[in-house]
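Coordinates in review
What follows is the residue order along each chain.
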Amino acid sequence: MSARAVRKGYYGNFGGQFAPEILMPALIELDQAYRAFRKDGERQKEFRQLLKEYNGRPTALYRAQRLTQALGGAGIYLKREDLNHTGAHKITNSLGQALLAGYMGKKRIIAETGAGQHGVATATAAALLGLECEIYMGSIDMERQRPNVFRMNLLGARVIGVDSGGKTLKDAVNETMRDWSKSVRTTHYVLGSALGPHPFPTIVREFQSVIGKETRKQILAAQGRLPDELVACVGGGSNSIGMFDAFIDDASVKLTGVEAGGEGIRGTKHAVRLTPNTHARTGILHGSYSYVLQDRSGQIADTHSISAGLDYSGVGPQHAHLFEQQRVNYTYATDREALAAFRLLSEKEGIIPALESAHAVAYAVKEAPQRPNSYSMILNLSGRGDKDIFHVADCLGLSI
Ligand SMILES: *Cc1c(COP(=O)(O)O)cnc(C)c1O
């Protein structure tokens, strides 16, 4: 069965447009504009050209020989999304949405950011395309991520501190939505992952689906057949759905999403939404119906992960659907496992992965040894780890 939306904006039971009345005109306009944009050959060509010449696509599919040998078992490939401009897959979505903003005649873009990665990607796209850019960021996150605040400023964006609630990502999303409801005539909201109200989950997936399309071509060229398994980390769900999309109808390809297990799933210090027996329940967060980590009274629960990009209580609605359909196998890696994988990949391949991506590597560390050599496993290396070295040093009790 196809996992694409049938009821408009829904993936099975999940998704929808649970947005305040005041945002509905913006969402309807966006939906219509995006339909026109995706059929506009000139615009699609422009997007492809930017991805190639500015972003450096296609990113390599690399056979990780030394990692494969070290683990013994499955042959491991890395899809090198870390080689994108600005160091992760996020720029692809930001570029696509910034082009879409221009297509709608909007001269200003806004975005939320947690650790600053999506903010930097969006500020980069704004600079490239000559758009005004404002980024909402929790004031606690601003304090923790000062280099990224400075980067966004260098790129010409204004960073607006958010002092409400917990002063982190969730609050930044709320503030960005509030801005958008007042500014929609001049402004596009560049949402950073495959979540939020329809049509965002679809838009973000389609922009990121270039990852899976390239991977399919590259693996067929490399081994003359489809891979046995694809593995990607799942925060909001964009790098994973972008990689899985081209393979969803190939029943022989196992798809594995790795969530942030934090300090383990017994307590609440994790961000595991799609594994049974956690405090995740179905519910509404940021405009769509999906699985959400909640406390006993249904309040959105705080999450914990060593990696900021996976540290979110909700998850994109298509993942909720793929989970219920059992098309994707969802699992998790703990902070400790991610940290070990971070070091292993650095030492064995000379590639320092983002802590988010290290969760996918951690899965391979556990599973690859149990597979035959003929089994091929592709890990989506969503980003590079330069941003994480100070945090890792802290966790290891080292100083830089
Ligand atoms: C933001 C981020 C993620 C998590 O976001 P998804 O939307 O789930 O892809 C993963 N990896 C990196 C490097 C990131 O920056």
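As the structure is a prediction and not an experimental result, all values here were calculated from the model. (Residues numbered from 1 in each chain as written. Predicted model: local features only at pLDDT ≥ 70, side-chain atom pairs only at ≥ 80, totals over all residues. Heavy atoms only, no water.)

1. What about the packing of helix 1 (residues 24-39) against helix 4 (residues 90-103)?
Running from N to C, helix 1 and helix 4 cross one another at 105°; their axes reach a closest spacing of 10 Å. As judged from the angle between their axes, helix 1 and helix 4 are roughly perpendicular. Every residue of helix 4 that contacts helix 1 at L30, A33, Y34, A36 and F37 is listed here: G96, L99, L100 and Y103. Residues of the contact of helix 1 with helix 4, tallied by class, amount to eight nonpolar, one polar and no charged. (Axes fitted to C-alpha atoms, helices over the stretch in contact; angles between N-to-C directions. Helix = DSSP H or I, 4+ residues; strand = E, 2+ residues; numbered from the N terminus. Parallel < 35°, antiparallel > 145°, perpendicular 65-115°, else oblique. Contact = heavy atoms within 4.5 Å. Nonpolar A, V, L, I, M, F, W, Y, C, P; charged D, E, K, R; others polar.)

2. Details of empty space enclosed by the protein
Scanning the entire structure with this criterion turns up three cavities of 30 Å³ or more. For the largest cavity, the calculated volume is near 490 Å³. Within the lining of the largest cavity, the residues separate by chemical class into 13 nonpolar, 18 polar and four charged. Residues from two domains meet in the lining of the largest cavity; each of domain 1 (17-52 + 90-205) and domain 2 (57-87 + 209-396) gives at least three. (1 Å grid on protein atoms, 1.4 Å probe; cavity = no way out; pocket = protein on both sides within 12 Å on 5 of 7 lines; lining within 4 Å. Points joined across faces, edges and corners; volume = space filled by probe spheres on them. Domains from an automatic or database assignment.)

3. So, the pattern of salt bridges
Evaluated as defined, the whole model comprises 26 salt bridges. For D31, the salt bridge goes to R35, with nearest N and O atoms at 3.4 Å. Taken together, the residues span about one helical turn, with D31 and R35 both in helix 1 at a distance of four residues. You can call D31 buried: its relative accessible area is 7%. (Salt bridge = Lys/Arg side-chain N within 4 Å of Asp/Glu carboxyl O. Buried < 20%, exposed > 50% of the residue type's maximum accessible area, 1.4 Å probe, protein only.)

4. What about the nonpolar core?
When a protein is soluble and globular, its nonpolar side chains tend to lie buried together. In terms of nonpolar packing, the biggest core is built from 50 residues, with I109, M152, W180 and Y189 touching the most fellow members. The leading source of residues in this core is helix 1, at seven residues. No fewer than three residues from each of domain 1 (17-52 + 90-205) and domain 2 (57-87 + 209-396) sit in this core. Here Y189 is in contact with Q97, I110, A111, E112, V173, T176, M177, W180 and F200, once residues within four sequence places are set aside. Listed in part, the 29 residues of the second largest apolar core include Y77, I211, M243 and A320. (Core = buried A, V, L, I, M, F, W, Y, C linked by side-chain atoms within 4.5 Å.)

5. With respect to the pairing of strand 5 (residues 108-113)
On a regular strand, each side chain points to the face opposite its neighbour's, so the side chains alternate between the two faces of the sheet. Strand 5 sits mainly inside the fold: six of its six residues count as buried. Going residue by residue along strand 5, you find R108, I110 and E112 tucked away on one face and I109, A111 and T113 tucked away on the opposite face as well. Of the strand pairs in this sheet, strand 5 and strand 6 (residues 132-138) are connected by six bridges, and their pairing is parallel. Across the sheet, residue E112 finds its bridge partner in strand 6, namely Y136. Regarding topology, helix 5 (residues 117-129) serves as the crossover connection from strand 5 to the parallel strand 6, and that connection is right-handed. Pairing of strand 5 with strand 8 (residues 187-189) involves three bridges; the strand directions are parallel. Across the sheet, residue R108 finds its bridge partner in strand 8, namely T187. (Pairing = 2+ DSSP bridges. Right-handed = clockwise from strand over helix to strand, strands pointing away.)

6. Some points on the domain arrangement of the chain
Size of an interface: often given as the accessible area lost when the parts come together. For the chain, the assigned domains read domain 1 (17-52 + 90-205) and domain 2 (57-87 + 209-396). Each of domain 1 and domain 2 has a C-alpha centre, and these two points are 23 Å apart. With 23 residues of domain 1 at the interface, the matching set in domain 2 holds 23 residues. Carbon and sulfur atoms supply 64% of the area buried between domain 1 and domain 2, which totals about 2,100 Å² over both sides. The salt bridge partner of R205 is D245, with a shortest N-O separation of 3.5 Å. At the boundary of domain 1 and domain 2, one finds eight residue pairs in polar contact (both at pLDDT 80 or more). Elements that contribute at least two residues to the side of domain 1 that touches domain 2 include exactly helix 2 (41-53), helix 4, helix 5, helix 8 (169-183) and helix 9 (200-208). Among the elements that take part in the side of domain 1 that touches domain 2, helix 8 stands out by supplying five residues, more than any other. (Buried area = accessible area lost by both parts, 1.4 Å probe. Polar contact = N/O pair within 3.5 Å; in protein donor to acceptor, adjacent residues only side chain to side chain.)

7. Here we look at helix 5
For helix 5, spanning 13 residues, the distance from its first C-alpha to its last is 19 Å, which sits close to the expected 18 Å at 1.5 Å a residue. Of all 13 residues making up helix 5, ten are buried, and the element is well covered by its neighbours. Restricting attention to buried positions, one finds in helix 5 the residues Q117, H118, G119, V120, A121, T122, A123, T124, A125 and A126. Taken together, the buried residues of helix 5 touch helix 4, strand 5, strand 6 and helix 7 (146-154). (Expected span 1.5 Å × (residues − 1).)

8. A word on the sheet that holds strand 4 (residues 75-79)
Within the open sheet, the six strands sit side by side as 3-4-14-9-10-13. Their pairing is mixed. Lying at the two open borders of the sheet, with one neighbouring strand each, are strand 3 (61-63) and strand 13 (328-334). Within the sheet, the average angular offset between the axes of one strand and its neighbour, ignoring direction, is 25°. Bridge count for strand 9 (residues 229-233) against strand 10 (residues 254-262) is five bridges, and the pairing is parallel. Bridge pairing in strand 10 places L230 opposite L255.

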